Protein chains: 2
Amino acid sequence: MGKRKLPYRSALAAAARGLNEELQKERGRRCVVASVKLISIGSFCLATIMSLVNSAISAEEPVPPPSGQKKIAFAIHGGAGTIDRSTMTPERERAYHAGLERAVMAGYEILKSGGASLDAVEAAVRVLEDDPLFNAGKGAVFTSAGTNELDASIMNGKTLAAGAVAGVKRIKSPINLARMVMEKSPHVMIAGDGAEAFAKEMGVELVDPKYFFTEERWQALEKLKAEKKETPVSDKDRHGTVGAVALDQAGNLAAATSTGGMTNKRVGRIGDAPVIGAGTYADNRTCAVSATGDGEYFIRVGVARDVSSALEYQNASLGDAAQRTIDKVGQLGGTGGLIAVDKNGNIAMPFNTSGMYRAHISPDGKTVVEIYK
Amino acid sequence: MGKRKLPYRSALAAAARGLNEELQKERGRRCVVASVKLISIGSFCLATIMSLVNSAISAEEPVPPPSGQKKIAFAIHGGAGTIDRSTMTPERERAYHAGLERAVMAGYEILKSGGASLDAVEAAVRVLEDDPLFNAGKGAVFTSAGTNELDASIMNGKTLAAGAVAGVKRIKSPINLARMVMEKSPHVMIAGDGAEAFAKEMGVELVDPKYFFTEERWQALEKLKAEKKETPVSDKDRHGTVGAVALDQAGNLAAATSTGGMTNKRVGRIGDAPVIGAGTYADNRTCAVSATGDGEYFIRVGVARDVSSALEYQNASLGDAAQRTIDKVGQLGGTGGLIAVDKNGNIAMPFNTSGMYRAHISPDGKTVVEIYK
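Since the structure is predicted, the reported quantities are computational estimates derived from the model, not experimental observations.

Draft legend 1. Layout of the sheet that holds strand 1 (residues 73-81) of chain A. As summarised here, the arrangement of the 9 strands in space is 13(A)-12(A)-1(A)-5(A)-6(A)-2(A)-3(A)-4(A)-7(B), forming an open sheet in which the pairing is mixed. Looking at strand neighbours, the two that pair on one side only are strand 13 (367-372) of chain A together with strand 7 (269-270) of chain B, the edges of this open sheet. Examined bridge by bridge, strand 12 (residues 355-361) of chain A and strand 13 of chain A share 5 bridges and lie antiparallel to one another. Across the sheet, A359 of chain A pairs through a bridge with V369 of chain A, a residue of strand 13 of chain A. The sheet contacts of helix 4 (residues 90-112) of chain A involve strand 1, strand 5 (242-247), strand 12 and strand 13 of chain A, and relative to strand 13 of chain A the element is tilted by about 145°. Across the sheet, helix 5 (residues 117-129) of chain A lies against strand 1, strand 2 (150-156), strand 5 and strand 6 (253-259) of chain A, angled at about 160° from strand 5 of chain A, the strand it touches most.

Spelled out as structure tokens, the structure:
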């Protein structure tokens, strides 16, 4: 945790604990999974309705300001990829929903009470890092060497300050360390042992690398190794990068992204998550973006920065800009998605995979959790 | 060198050797240092002429195509920063000129003979990496731990393929390894020991870290440590990142950047040089960019990608876009510069420091080497 004194930090912890218990009971009830309800409808209607649903997703109206408050907006993702309904049990789906809802509420509570977008995105990402279901923190995937190497980055849209860590092996919350790099060092990006040395100086407790062992991720590695695959093209077993974007009452945007990378990745491989401009970008004049998918393609396109640039230079709408950027990734052969919120509180969440674990706050202040297209 | 068979590679080596000898004799003669000649002119004339010189620099016309050839363009830099005339001896200045001229000719020869922009930028950067005067390869600066950690990246504007290495300690030519990451791995960015393991697999000979020891860089570290500075704001003792941008006869753009980072940097710190979108970007539809300066600011602004985006989304001229991006860096408090070439062969080389080691090929095919504003 370090020794920083941040507003809302302890309030958040308490809120997150309380919500956790409450939400365990409510699992699944309030979750909105539009696609599930649509499956039984004929193909003509399906196409029409999906189109409406998609436009709703890609141009979500901002949350109206409660009396006396300015508008806020918040969205998170838990990774995009091939999410197969046939292998998804109801129990597992409920668990994903619960995890996403805990995370989105952790950030939303901060924003509602007047907290900073930076605190909201960090809080939500930490909840997802601690959840073994998602490929970040505790649930990180394994490298080809059977180790876990975690990456994360965070950006402050007000100052363009940014922090990132890459290839850390003993940091429970990489997003927290990325924030320390941003706020407590003269650097933006620190990798490997150097990042862990910095963590020690900051008083961050290093965890035993065994903390990151999960049977499911280990089996994914074994399976990939048996298939002798070392390719960034397939998106199986890798849909788990997490991220959050927020607009707070002060009009400040922030974005955060954290990941374990891709299963069976080469030791030392750095994906898009810790690369400012690729996996993460935030600029109060435009938008905040967190991306997830085939990291290599996202770096080449410069995904997060590309969305921001379209707003900056072309005055494009957030929905159009975000969709066009994901289309660019698709044209190169890459898959994935992104979440974005602009300075007016609009939200966009395009992806070109069969699903993206995601949640946001609807204009009437409800949490909306979705998985499939 | 690895085992890749690349066209023009051996021709380049021979050409570089020959040029080296010839240019040693010609040192200084053909070099153009506009500012030196301007010093004795009154301030009114100086301002007027400098303005003309600057516009020539920021909007250099493309090299006209020799009969039957399509146009080509080529520029390199050896870093921007506080370059103090008072501490620059004539001998030292001549050595910088000679080094820059060797590098720009190494790339230009390749382009003239119909070679690829990727080969040209790699060749020029390798010449600079081997020259102890520049902060890349042999002349890399020292980290706070007294080690050398090198970063480099390269990008192919035709395919948007990219490769980068970060924090390598035993790689003689980081730009060569970055190219291998691009062409021989499924990844874009590999750091530290993982990058060196990849190098071994590629048959790249690892050098003893002592190879990177130079007395001058060691003294710079000692001096900074004595002053107890650990800040990315001052640009002293760090003006040495190198890079190249090229347009070849086939209309393909490429960019390459290589660096030892900043003196006294924290172990594991990654600057902008290996970050695609910050230090390096190339896209045939827009331009190729290589940046140099306070890496942290360049990452936050997303310098290389920002220039490209202004061309893509706003149809801005290269000179305007490049200058505006450097102005953004300056507004945040950062210093440095960039070199860029667009798809039409225009060249821009703006910087906000007192100097930038740089060279390009003029419209009439001459090498132009410059240091000061």
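Now, onward.
Draft legend 2. Just the interface of chain A and chain B, in detail. With 43 residues of chain A at the contact, the number on the chain B side is 43 residues. With both chains or domains summed, chain A and chain B bury close to 3600 Å², and 57% of this area falls on carbon and sulfur atoms. Looking only at chain A, the three residues that lose the most surface to chain B are R266, R300 and Y313 of chain A, adding up to 22% of its buried area. Linking chain A to chain B there are 6 salt bridges. One salt bridge connects R266 of chain A with E201 of chain B, and the closest N-O pair in it is separated by 2.9 Å. One can count 25 residue pairs in polar contact (both at pLDDT 80 or more) joining chain A with chain B. The set of elements that each furnish at least two residues to the side of chain A that touches chain B consists of strand 3 (161-168), strand 4 (189-191), helix 7 (192-201), strand 7 (269-270), helix 9 (295-301), helix 10 (303-314) and helix 11 (318-332) of chain A. Tallying contributions element by element places helix 10 of chain A first for the side of chain A that touches chain B, with 7 residues. Classifying every residue of the side of chain A that touches chain B by side-chain character gives 23 nonpolar, 8 polar and 12 charged.

Draft legend 3. Representation of the relation of the copies chain A and chain B. When chain A is brought onto chain B, the operation consists of a screw motion whose angular component is 180° and whose axial shift is 0.0 Å, with 0.0 Å RMSD remaining. These values place the two chain copies in the arrangement generated by a two-fold rotation axis. In this assembly the copies share their binding face: 100% of the residues contributing to the interface of chain A also contribute to that of chain B.

Draft legend 4. Region of the structure containing the packing of aromatic side chains. All names here are of chain B. In the structure shown here, the tally under the stated rule is 14 aromatic pairs over all chains. Consider the rings of Y96 and Y357, whose centres lie 4.1 Å apart with planes at 20°: the pair is stacked. Of this pair, Y96 sits in helix 4 (residues 90-112) while Y357 sits in strand 12 (residues 355-361), and the two are 261 residues apart along the sequence. Residue classification places Y357 among the buried residues on the basis of a relative accessible area of 2%.

Cut-off values and rules
The numbering scheme is per chain: residues are counted from 1 as the chain's sequence reads. Here the convention is simple: chains get letters from A, ligands get numbers from 1, in the order in which they are written. Only residues with pLDDT of at least 70 are given local features in this predicted model, and only at 80 or more are side-chain atom pairs given and counted; all residues enter the totals for whole chains, interfaces and linings. As a rule here, side-chain values come from all non-hydrogen atoms in the structure, and water together with hydrogens is ignored. Strands qualify as paired when DSSP identifies two bridges or more between them. The helix and strand labels rest on DSSP assignments: H or I over at least four residues marks a helix, E over at least two residues marks a strand, and numbering proceeds from the N terminus. Contacts between residues were defined by any pair of non-hydrogen atoms, one from each residue, lying within 4.5 Å. Between N-to-C directions, angles span 0 to 180 degrees; the directions come from axes that are lines fitted to C-alpha atoms, helices contributing only their stretch in contact. In this description, buried area is defined as the sum, over both parts, of the accessible area (probe of 1.4 Å) that is lost when the two are combined. Any carboxyl oxygen of Asp or Glu within 4 Å of a side-chain nitrogen of Lys or Arg constitutes a salt bridge here. Polar contacts, as counted here, are pairs of nitrogen or oxygen atoms within 3.5 Å of one another; within protein the pair requires one atom able to donate a hydrogen and one able to accept it, and residues that are adjacent in sequence qualify only if both atoms are side-chain atoms. Under this grouping Gly is polar, as are all residues other than the nonpolar Ala, Val, Leu, Ile, Met, Phe, Trp, Tyr, Cys and Pro and the charged Asp, Glu, Lys and Arg. A residue counts toward the fit only if its pLDDT is at least 70 in both copies, and the copies are then superposed by least squares on the C-alpha atoms of those residues. Any pair of Phe, Tyr and Trp rings, taking the six-membered ring for Trp, is counted once the centres come within 6.5 Å. Such a pair is stacked with planes under 30 degrees apart, edge-to-face with planes over 60 apart, and tilted for the rest. Each residue is placed in one exposure class: buried if its accessible area under a 1.4 Å probe, protein chains only, is under 20% of its type's maximum, exposed if it is over 50%, and partly exposed if it falls in between.

Bear in mind that shape data such as this cannot, by itself, settle questions of function.
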